[in-house]
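So the chains spell out like this:
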Amino acid sequence: VALKRMLNFNVPPVKNSTGEPVWKVLIYDRFGQDIISPLLSVKELRDMGITLHLLLHSDRDAIPDVPAVYFVMPTEENIDRMCQDLRNQLYESYYLNFISAISRSKLEDIANAAIGANAVTQVAKVFDQYLNFITLEDDMFVLCNQNKELVSYRAINRPDITDTEMETIMDTIVDSLFCFFVTLGAIPIIRCSRGTAAEMVAVKLDKKLRENLRDARNSLFTGDTLGAGQFSFQRPLLVLVDRNIDLATPLHHTWTYQALVHDVLDFHLNRVNLEESTGMESSPAGARPKKKNKKSYDLTASDKFWQKHKGSPFPEVAESVQQELESYRAQEDEVKRLKSIMGIEGEDEGAISMLSDNTAKLTSAVSSLPELLEKKRLIDLHTNVATAVLEHIKSRKLDVYFEYEEKIMSKSTLDKSLLDMISDPDAGTSEDKMRLFLIYYISSAQAPSEIDLEQYKKALMDAGCNLAPLSYIKQWKAFTKMASAPASYGNATPKPLGLFSRVMNTGSQFVMEGVKNLVLKQQNLPVTRILDNLMEMKSNPETDDYRYFDPKMLRGSDSSVPRNKNPFQEAIVFVVGGGNYIEYQNLIDYIKSKQGKHILYGCSELFNATQFIKQV
């Protein structure tokens, strides 16, 4: 909504206005591009009158009779370039929007350039948009994509980090979270664990919100924005957790559609990139091998299939794609049948009455064509994506890994020794084996003895693993042991429903034989458990000493602040140090059972296990 308002020159768009939109150009930097692209498609931009969208630092031609909307970060180089645009008189008028608040001195730089270029009247509006975060779903956001290594897990947890570096990282995170709450138009009550990076974020965010509220004349939380958010009279709870409370989940193999796509394919800002295999036909000897086609698909909120099935276990997804395909074929056949009837010869009564009857049918068939085509596009898209995922599941035996890890995490008996899994040359890549072992190491109450550990290490090295992550996790475990007991993961294991052969042999394009049909049981991951305690006001040793901040109370420390005693209706969970789709899905499943409650999930970056292992 905020973006649409900005693109409409910062006035709320009027519904059902008949006239053409005002044609304009949109100029953004990489940050702006990342914020807009998951939310608005090119077609939607065009409907709002954006004919061209260009990067700020590309070579742009002058279009003197068109207004330009800028959406950029207030950095030195961006501002220099904007001043240059003013001097070159590229556009008719300039609407300058900054993703994050711009400093006084930089504003003066622009003002000076405008005076110098004699363009003061053309700078129509200058706005701080406070949109420095990326929304991936209606209930999920991530801080940044450009320069994300600056706020990554590794950056926060480096042993040699200096205080000033840590301050900078925390300020970056707080700036984005502040933007997030300005856009929501709500002031949260903040809870966080003690002695972690999350606590530093909480202290700074509390201070920033407090200072903004105190300056009543310029406060961003007054009147028109407040209550415009989805949060009405009741304030949301913000739970800040640190990635270090649970390092097993980001390494876990998964079984739901969205998390699998993120784990095994190249899935980034809601777009998945696939390499298409060109089939098996042999090329003549000496010919160059065919280049693989890269295809990218957007998986967005408007994709109904994705919205419905992104949290489903993979076998269900494969079945649903198949059903969709069959219903599509039936509709297509109906259209074909009508076509053949329409070529009727002869003038007898029957044919005429049939004709009028069929005309009605044909009309409805024709009007449903665009819908049919869209359906076909989605079916093809998900057939390709699901097939790509399936190849990974089969070649790496991901179903076996998933089931085995769930058993480890829920401390149930294992049917096969860990050493056998690691030494099995057919099961998984070296990285899969490393992930499995790290989960075992993190979840075990007693660390394995030195002798056992050596055996495991040898097996892992034989499988080609890089052992660097293990030494990090070893230190981390020793350190957390002093702090607290290991996180528990509930005790439900997935139930296999026999193999797929039955369902799948009936003319499906998914060859699923040998893949286990696992059904998930709902069990709360540590992050979800913490949220449950804090949102429902349950007393639990795990969360009782979490700190409590209320930015609306002008004075007062933790102990003296009068606390809210009622359960919360809305909560935002934010993971400092990075999050993943497994946790997101777990939270969504948890909240489904709670009527009328909402959760948003946010993280400083989104990584899959491969990216996480590299940081450890």
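Residues numbered from 1 in each chain as written. Predicted model: local features only at pLDDT ≥ 70, side-chain atom pairs only at ≥ 80, totals over all residues. Heavy atoms only, no water.

1. Side note on the pairing of strand β1 (residues 24-28)
What counts here: Each residue is assigned to one of three classes by its accessible area relative to the maximum for its type, calculated with a 1.4 Å probe on protein chains only: buried under 20%, partly exposed between the two thresholds, exposed over 50%. Secondary structure elements follow DSSP: runs of H or I no shorter than four residues count as helices, runs of E no shorter than two count as strands, and numbering proceeds from the N terminus. Any two strands with at least two DSSP bridges between them are considered paired.
Counting buried positions along β1 yields five of five residues, so the element is predominantly enclosed. The alternating pattern of β1 places Lys24, Leu26 and Tyr28 on one face and Val25 and Ile27 on the opposite face, and all of these are buried. With four bridges joining them, β1 and strand β3 (residues 63-72) adopt parallel strand pairing. Residue tyrosine 28 lies in a different strand from β3, and its bridge partner there is phenylalanine 71.

2. Thoughts on the confidence of the model for the protein
For clarity, the threshold we go by: The predictor attaches a confidence to each residue, called pLDDT, with possible values from 0 through 100. Pairs of residues are marked as contacts when any of their non-hydrogen atoms sit within 4.5 Å.
Considering every residue of the protein, the mean pLDDT works out to 83; 84% of them sit at 70 or more. For residues 278-284, every residue scores under 50 in pLDDT, and the model assigns this stretch three contacts once sequence neighbours within four places are set aside. A low-confidence stretch, residues 482-486 (pLDDT under 50), is modelled with one contact involving residues beyond four sequence positions or located in other chains.

3. Digging into the pattern of salt bridges
How we decide: Any Lys or Arg side-chain nitrogen found within 4 Å of a carboxyl oxygen on Asp or Glu counts as a salt bridge.
On inspection of all chains with the given rule, the structure shows 28 salt bridges. In this structure, the salt-bridge partner of arginine 210 is aspartate 206, at a minimum N-O distance of 3.2 Å. Remark: aspartate 206 and arginine 210 occur in helix α8 (residues 197-214); sequence separation between them is four residues, near one turn of the helix. Note on accessibility: arginine 210 and aspartate 206 belong to one class, buried. Here aspartate 380 makes a salt bridge to lysine 376, at a shortest N to O gap of 3.1 Å.

4. Some points on the packing of helix α4 (residues 76-88) against helix α5 (residues 104-116)
The following threshold applies: Whenever a helix is involved, its axis is fitted only over the stretch in contact; in every case the axis is a line through C-alpha atoms, and angles between N-to-C directions fall within 0 to 180 degrees. Here is the rule for angles: anything less than 35 degrees is roughly parallel, anything more than 145 is roughly antiparallel, 65 through 115 is roughly perpendicular, and the remaining ranges are oblique. By convention, the crossing between two helices is left-handed when the near helix turns anticlockwise from the far helix through less than a right angle, and right-handed when the turn is clockwise. Residues are grouped as follows: Ala, Val, Leu, Ile, Met, Phe, Trp, Tyr, Cys and Pro are nonpolar; Asp, Glu, Lys and Arg are charged; all remaining types, including Gly, are polar.
One way to put it is that α4 packs onto α5 with a least axis distance of 9 Å and a crossing angle of 15°. The orientation of α4 relative to α5 falls into the category roughly parallel. In the crossing of α4 with α5, the sense of the turn from one axis to the other is right-handed. Together, Glu76, Ile79, Cys83, Leu86 and Arg87 of α4 and Lys106, Asp109, Ile110, Ala113 and Ala114 of α5 make up the contact between the two elements. For the contact of α4 with α5, the per-class residue count stands at six nonpolar, no polar and four charged.

5. Concerning the sheet that holds β3
With parallel pairing, the five strands of this open sheet are ordered in space as β2-β1-β3-β4-β5. The open sheet has two free edges, formed respectively by β2 (50-55) and β5 (123-128), since each of these has just one partner strand. Pairs of neighbouring strands in the sheet enclose a mean axial angle of 20°, with direction left out of account.

6. So, α5
Stated formally: One fewer than the residue count of a helix, multiplied by 1.5 Å, yields its expected span. Picture the helix axis, draw a direction to every C-beta atom, and the arc is the one those directions span.
Helix length check: α5, at 13 residues, gives a terminal C-alpha distance of 18 Å against a target of 18 Å (1.5 Å per residue), a fit within 8%. Residues of α5 that are buried include every one of Lys106, Ile110, Ala113 and Ala114, and no others. Viewed along the axis of α5, the buried residues span an arc of 100°, placing them on a single side of the element. Exposed residues on α5 whose side chains face more than 90 degrees from its buried face are Arg104, Asn112, Ile115 and Gly116. If you follow the buried residues of α5, they end up packed against α4, β4 (91-98) and β5. Positive phi shows up at asparagine 118, right after α5, with a value of about 60°.

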